[in-house]
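What follows is each chain in one-letter form.
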Amino acid sequence: MDAPVPPSAAPADPSAHRYDVAVIGGGVVGHGIAWEIRRSGRSVALIDDAPGSGASWAAAGMLAPVSELHYQEEALLALMLEAARLWPGFAAGLDGGTGAGQEGAGGTGYLTTPTLAVGADAADRRALADLRAVQQACGLAVEPLTVREARAREPLLSPGISCALDIPADHQVDPRRLLARIGALLRADGRFEAVPRRAAGLLWDGGRVAGAGLEGGGEIRADETVVANGLGAAELQGLPGGLALPLRPVYGDILRLRVPPRLRPLLRSTVRGLVRGVPVYIVPREDGTVVIGATQREDAPTQSGAVSAGGVYQLLRDAQQLLPAVAELELLEATARARPGTPDNAPLLGRVGRGGTGQDIEGLIIATGFFRHGVLLTPVAAAVCRELLDGPPDPRWAAFRPDRFSARRDSAQDFSPKDRTTA
Ligand code: GLY
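Since the structure is predicted, the reported quantities are computational estimates derived from the model, not experimental observations. (Residues numbered from 1 in each chain as written. Predicted model: local features only at pLDDT ≥ 70, side-chain atom pairs only at ≥ 80, totals over all residues. Heavy atoms only, no water.)

Caption draft 1: Representation of the sheet that holds strand β6 (residues 163-167) in the model. Strand order in the open sheet made by the eight strands is β5-β6-β4-β13-β14-β15-β12-β16, with mixed pairing throughout. Bordering the open sheet on either side are β5 (143-145) and β16 (330-341), each of which pairs with just one other strand. When strand polarity is set aside, the average angle formed by the axes of neighbouring strands in this sheet is 25°. Two strands pair when backbone bridges link them, and β5 and β6 are joined in this way by three bridges, in the antiparallel orientation. By the bridge assignment for β6, Glu-143 is matched with Asp-166. (Pairing = 2+ DSSP bridges. Helix = DSSP H or I, 4+ residues; strand = E, 2+ residues; numbered from the N terminus. Axes fitted to C-alpha atoms, helices over the stretch in contact; angles between N-to-C directions.)

Caption draft 2: Expanded view of the pairing of β6. Burial of β6 is extensive: five of the five residues sit out of reach of the surface. Burial along β6 is two-sided: Cys-163, Leu-165 and Ile-167 and Ala-164 and Asp-166, pointing in opposite directions, are all buried. As paired strands, strand β4 (residues 115-119) and β6 are joined by five bridges and run antiparallel to one another. In the strand pairing of β6, Val-118 is matched with Ala-164. (Buried < 20%, exposed > 50% of the residue type's maximum accessible area, 1.4 Å probe, protein only.)

Caption draft 3: Representation of the site of the ligand within the structure. Near the ligand, the surroundings consist of Met-62, Glu-68, Tyr-281, Ala-294, Arg-339 and Arg-372. One of the side-chain N or O atoms of Tyr-281 is found 2.6 Å from an oxygen atom in the ligand. Backbone polar atom of Arg-372 to a nitrogen atom of the ligand: 2.7 Å apart, as the coordinates give it. If the ligand stood free it would expose 200 Å²; the protein chains cover 87% of that surface. Split into classes, the residues belonging to the shell around the ligand amount to three nonpolar, no polar and three charged. (Near = heavy atom within 4 Å. Polar contact = N/O pair within 3.5 Å; in protein donor to acceptor, adjacent residues only side chain to side chain. Areas by Shrake-Rupley, 256 points an atom, 1.4 Å probe, with all protein chains shown as cover. Nonpolar A, V, L, I, M, F, W, Y, C, P; charged D, E, K, R; others polar.)

Caption draft 4: Fine view of the nonpolar core. Counting residues in each nonpolar core, the largest one holds 45 residues, and the members touching the most others are Val-23, Ile-33, Trp-87, Leu-178, Val-226, Ala-367 and Leu-377. Ranked by residues supplied to this core, first place goes to helix α8 (residues 374-390) with 10 residues. Discounting residues that sit within four places of it in the chain, Ile-33 has contacts with Val-23, Val-226, Ala-228, Ala-367, Ala-381, Ala-382 and Cys-385. Listed in part, the 27 residues of the second largest apolar core include Leu-257, Leu-267, Val-312 and Leu-323. (Core = buried A, V, L, I, M, F, W, Y, C linked by side-chain atoms within 4.5 Å. Contact = heavy atoms within 4.5 Å.)

Caption draft 5: Here's a closer look at the packing of aromatic side chains. Inspection of the entire model under this criterion finds three aromatic pairs. Taking 5.3 Å as the distance between ring centres and 85° as the angle between the ring planes, the aromatic pair formed by Trp-87 and Phe-90 counts as edge-to-face. Of the two residues, Trp-87 and Phe-90 both sit in helix α3 (residues 74-94), three residues apart, roughly one turn of that helix. Judged by centre distance (5.7 Å) and plane angle (15°), the rings of Trp-87 and Tyr-110 are stacked. With Trp-87 in helix α3 and Tyr-110 in the loop between α3 and β4, the pair connects residues that are 23 residues apart, well separated along the chain. The exposure class of Trp-87 is buried, given its relative accessible area of 1%. An aromatic cluster of at least three residues, connected via ring pairs, comprises Trp-87, Phe-90 and Tyr-110. When the ring centre of Trp-57 is taken as origin, the NZ or CZ atom of Arg-176, which lies over that ring, is 3.6 Å away. Across from the ring centre of Phe-371, 6.0 Å away, lies the NZ or CZ of Arg-248, which sits over that ring. (Phe/Tyr/Trp six-rings, centres within 6.5 Å; stacked < 30°, edge-to-face > 60°. Lys NZ or Arg CZ within 6 Å of the ring centre and 35° of its normal.)

What follows is the structure, given as structure tokens:
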């Protein structure tokens, strides 16, 4: 575990080395896992030809276990609450111990500012009241405000909103700054290697996973391999036979806008609205920009990353209904990316069983399918991966095993390698 690896500034040939851990996928989740694993003392290779350019590039960065609660997702809520509990320490570790609210380019943009949920019409008010009953039954803090109280806190909110709820525990981070921060810390670390290549598949050796083959040739050998490349996970060659990774793309359009100085601060809280039953959120950043998101569409765009005109229209229309000053902002960017959805909206996180043996396949951890919650769940995904490397994991998270959708777990051959990477 202590053998030196070349510093990433001089990566002559990463294939020539063996790493303790290879992480496939350089989004927020992959970076968070790589960071935590380096903190455990292990050497890490992070494999991605375009790190941070997928769903992480679009993400608004809401850390919102309370307002993201959906009916019948109590198991996921427990994971989200654990992530929220871990966030202050995770951010403080990255921000040099300073924790929430550190300003400037060096920080992660982690802020403990609260969230307001607001409804547009009477039906939205009823829907938010129904959800509040479920949130409170789960022990979550959601307090009704009068419209007057909400506007005293956020004077630019429309007087026409139908209701407001205070959600103090839902916070935010800036995913682009977070990625840049983790990336910079890792690159300065002599036992970390950034491998700017695309993984083609898993390598196998004696019945265990032994690293990753690279597209175009070459390989990264590792004692443990973490598959954290979002939707790309299901396309890897050499996945265990019989393992179903039922990932589907759920596209989201999201906007970034600049607030003119005369309107600052536009908001102090994140505003999560329901407008004629459709969610919209407005996330204010420290730098005078806001993020407005996000649509959810499962159509297949003609081009990867194509932004939907209808999606942009809907976001601006609904955000403006809640906050009329939105019309006076400068539109900087419209982005679309796909979130990695799963059938139960929960991640695929853990080791994979070797069918019929009660044992797990050695050398392989899956960490994907984070759907709407990748940024929030990053610290808990990282902690779970570290636990899996160190010993038995917390049994609470067995519900998220990545083989839970694999119907036939009774035959040893189900979980033999499907095909071997040609690399
Ligand atoms: N986490 C919010 C979204 O996926 O839109």
